[in-house]
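# Close look at the chain arrangement
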Amino acid sequence: MSAPTEPPTPDDSPSDDTSPDPVDEKGSAADAAPDDDLEADNETAVHEESEADDAREPEDAAPVAAAAGRTRWLTAHPMRTVLGAVVLGALAAAAIVAAIGGFSDAGSIDQTAIGAEARGPQANAFNRSTPGTCLTWPQNDPSRPSAIGCGGSHYFEVAGVVDLTAAAGNRFGDTAPWPSREQFVALREQYCPNEVNSYLNGRFDPNGRFSVGMLYPSQRQWNDGERTLRCGIQAADSTGRLQPFLGRVADLDQAPQWPIGTCIGINQQSRQPTDPVNCAEQHAFQVTGLVGLAEQFGAPGAGKPWPDIATQNRFLSGVCPKMTTGFFGTQKAFTDTTLNVQWSTISQVSWLSGSRTAVCYVGLPDRGGFATLVGDGKPNLLINGKVPVPPPVEPPGRLNPTPVPLPSGIAPNPTEVPAPEG
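Residues numbered from 1 in each chain as written. Predicted model: local features only at pLDDT ≥ 70, side-chain atom pairs only at ≥ 80, totals over all residues. Heavy atoms only, no water.

## What to know about the overall build of the protein chain
Along the backbone of the protein chain there are 11 helices and 16 strands. Looking at the protein chain as a whole, 57% of its 422 residues qualify as buried. Contacts in the protein chain between residues far apart in sequence, at least 24 positions, make up 71% of those at least 6 positions apart. Roughly 15,900 Å² of accessible area belongs to the protein chain as shown, and the carbon and sulfur atoms make up 51% of that amount. (Helix = DSSP H or I, 4+ residues; strand = E, 2+ residues; numbered from the N terminus. Buried < 20%, exposed > 50% of the residue type's maximum accessible area, 1.4 Å probe, protein only. Contact = heavy atoms within 4.5 Å. Areas by Shrake-Rupley, 256 points an atom, 1.4 Å probe, with all protein chains shown as cover.)

Printed below as a string of structure tokens:
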């Protein structure tokens, strides 16, 4: 994924244009029916916090939202949310606090972009939002969030409201100063995981493409008496930057996944996957198929036991090679790439949360990670800067897994075929 961009610092005068810009090619705010009541005043003094922020220096921190899913997948597992959001190894979508804008006043904690334009605790999209409300904002400008129908592209789904005057032992009364970054992080960790799990009836996938996040009042709103927090669900890339998504999380398969043909970038230092990129750019692997495991092993709620990893591997070893051959057109076309077939698997905790999608992909293990691929795997492919030399015959054990470091949720199909030196 691309490096996060610093949210613009809003000026003191409210903007006349408060309607969110489209933020997703699959749908836009304009395509969804907004909640007129909540959208009436979308200038809000809200900040977001996520776990991704915890790892940043204060000047780079984004709002307290959770950048899990995609980012943690690939990075923590070790592809921070394998591929931060889809299959890159199940980017552990567990980020809880920071993915949007956060503690920054061009470097300081008292001027977060989220809602910095709002004045006073008057009703607005932030403090009028309730569990189930979906919030969006103009791309790269989280200072003006507004409510939108969850079928439209949005950045945050509210899971719970925390009133600090009642929940924090009177530590945040009328005269309490605006909390420090550390205090907001602690509040997120204390309240939001439970709020999200309760909202989803215990079906939040900690290894999935979503993470736990938190929206909090700006310093201006805080000084005017606002004392509520919004815990919720978000999607973030490997840098912790929030990404738009469609639909209510309870209705979605939370397993990391990307459209067939998607190429996932690579970190040249760690050789781990990052975020989706154009296939003409350097990448770690390319998605060749998506496999729904519900038909074979049971749909969510059907009461079927979790198929262990060995069972999933046996099934996927018969499915992913066929899907991959179909992706390349012929067996020879695939064999000539010298790439290996791999796939993700579903952990028991993810299975119990309802995740059922496995990802088939092609890549090569190299120096503790992935080889660097450039070009679509079909016509023009370079592996570590070299044109692959087709083997005279398919190497023995080609489909016998040799683990490649992947984020949790992505268990590769090991191979004994090494990548060329690069």
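## A few points about the pairing of strand β12 (residues 357-363)
For β12, a buried count of 7 out of 7 residues is recorded, marking the element as mostly surrounded by other parts of the structure. By the alternation rule, side chains of β12 split into Thr357, Val359, Tyr361 and Gly363 and Ala358, Cys360 and Val362, which are all buried. Across 6 bridges, the pairing between strand β10 (residues 283-292) and β12 is antiparallel. Bridge pairing in β12 links Val287 to Tyr361. The pairing of strand β11 (residues 340-343) with β12 spans 4 bridges and is classified as antiparallel. In the strand pairing of β12, Asn340 is matched with Gly363. (Pairing = 2+ DSSP bridges.)

## Re the side chain of Asp237
Within the secondary structure, Asp237 sits in the loop between β6 (228-236) and β7 (242-243). Among the residues examined, Asp237 registers a relative accessible area of 1% and is labelled buried.

## Section: the pattern of salt bridges
On inspection of all chains with the given rule, the structure shows 5 salt bridges. Between Asp237 and Arg241 there is a salt bridge, and its shortest N-O distance comes to 3.6 Å. For Asp366, the salt bridge identified is with Arg367, shortest N-O distance 3.1 Å. A single salt-bridge network, built from bridges that share partners, covers Arg271, Asp366 and Arg367. (Salt bridge = Lys/Arg side-chain N within 4 Å of Asp/Glu carboxyl O.)

## Remarks on the nonpolar core
Residues Leu164, Phe184, Leu187, Val196, Phe210 and Leu229 are the most contacted members of the largest nonpolar core, which totals 24 residues. Taken together, the elements giving at least two residues each to this core come down to β4 (156-163), α6 (181-199), β5 (211-217) and β6. When residues in this core are grouped by element, the largest group, 5 residues, is from α6. Setting aside residues no more than four positions away along its own chain, Leu164 makes contact with Phe172, Leu187, Trp222, Arg227 and Leu229. Core analysis: the second largest hydrophobic core is formed by 23 residues, Cys320, Phe328, Leu364 and Leu373 among them. (Core = buried A, V, L, I, M, F, W, Y, C linked by side-chain atoms within 4.5 Å.)

## Some words on the confidence of the model for the protein chain
When pLDDT is averaged across the protein chain, the result is 73; 63% of the residues are at 70 or more. Between residues 1-46, whose pLDDT stays under 50, and residues either more than four places distant or in other chains, the model counts 139 contacts. A low-confidence stretch, residues 51-120 (pLDDT under 50), is modelled with 453 contacts involving residues beyond four sequence positions or located in other chains. (pLDDT = per-residue confidence, 0-100.)

## Focus on helix α9 (residues 309-328)
Taking 1.5 Å of rise per residue, 20 residues should cover 28 Å, and α9 covers 27 Å from first to last C-alpha, within 8% of that figure. Approximately 35° is the largest bend angle found in α9, and it occurs at Leu316. Looking at the buried side of α9, the elements it contacts are β10, α10 (331-335), β11 and β12. Within two residues after α9, Gly329 carries a phi angle of roughly 105°, on the positive side. (Expected span 1.5 Å × (residues − 1). Bend = angle between axes of the 7 residues up to and from the residue.)

## Structural notes on the environment of Thr325
Counting through the fold element by element, Thr325 comes out in helix α9. A C-alpha to C-alpha distance of 8.8 Å links Thr325 and Thr335, two positions 10 residues apart in sequence. When residues no more than four places from it in sequence are discounted, the contact partners of Thr325 are Thr330 and Gln331.

## Topic: the state of the cysteines
Cysteine pairs can be linked by a disulfide, which is a covalent bond between their two sulfur atoms. Tallied over the full model, the rule gives 4 disulfides. Note on cysteine connectivity: Cys134 is disulfide-linked to Cys150, with sulfurs 1.9 Å apart. Between Cys134 and Cys150 the disulfide shows an S-S torsion of about 95°. By sign, it is right-handed. Here Cys150 lies in the loop between β3 (146-148) and β4 and Cys134 lies in strand β2 (residues 134-136), a separation of 16 residues in the sequence. Shown here is the disulfide that connects Cys263 with Cys279, its sulfur atoms set 2.0 Å apart. (Disulfide = S-S within 2.5 Å.)

## Concerning unusual backbone geometry
One non-glycine residue with positive phi stands out, namely Arg271, at about 65°. Tracing the sequence through the fold places Arg271 in the loop between β8 (263-266) and β9 (273-277). A relative accessible area of 7% places Arg271 in the buried class. Residues other than glycine seldom take positive phi values, yet Arg367 does so here, at roughly 50°.

## A word on the packing of aromatic side chains
What the rule picks out here adds up to 12 aromatic pairs. Arranged with centres 6.0 Å apart and planes meeting at 65°, the rings of Trp258 and Phe285 form a pair that is edge-to-face. Of this pair, Trp258 sits in the loop between β7 and β8 while Phe285 sits in strand β10, and the two are 27 residues apart along the sequence. The pair formed by Trp258 and Phe285 is uniform in burial state, with each residue classed as buried. Judged by centre distance (5.3 Å) and plane angle (35°), the ring pair of Phe328 and Phe334 falls under tilted. Summarising the burial analysis for this pair, Phe328 and Phe334 share the class buried. Ring-pair connections join several aromatic residues into one group, and the members of that group are Trp258, Phe285, Tyr361 and Phe370. Note that Arg227 overlies the ring of Trp222, its terminal NZ or CZ placed 3.8 Å from the centroid. Over the ring of Phe327 we find Lys378; its NZ or CZ atom is 4.2 Å from the centre of that ring. (Phe/Tyr/Trp six-rings, centres within 6.5 Å; stacked < 30°, edge-to-face > 60°. Lys NZ or Arg CZ within 6 Å of the ring centre and 35° of its normal.)

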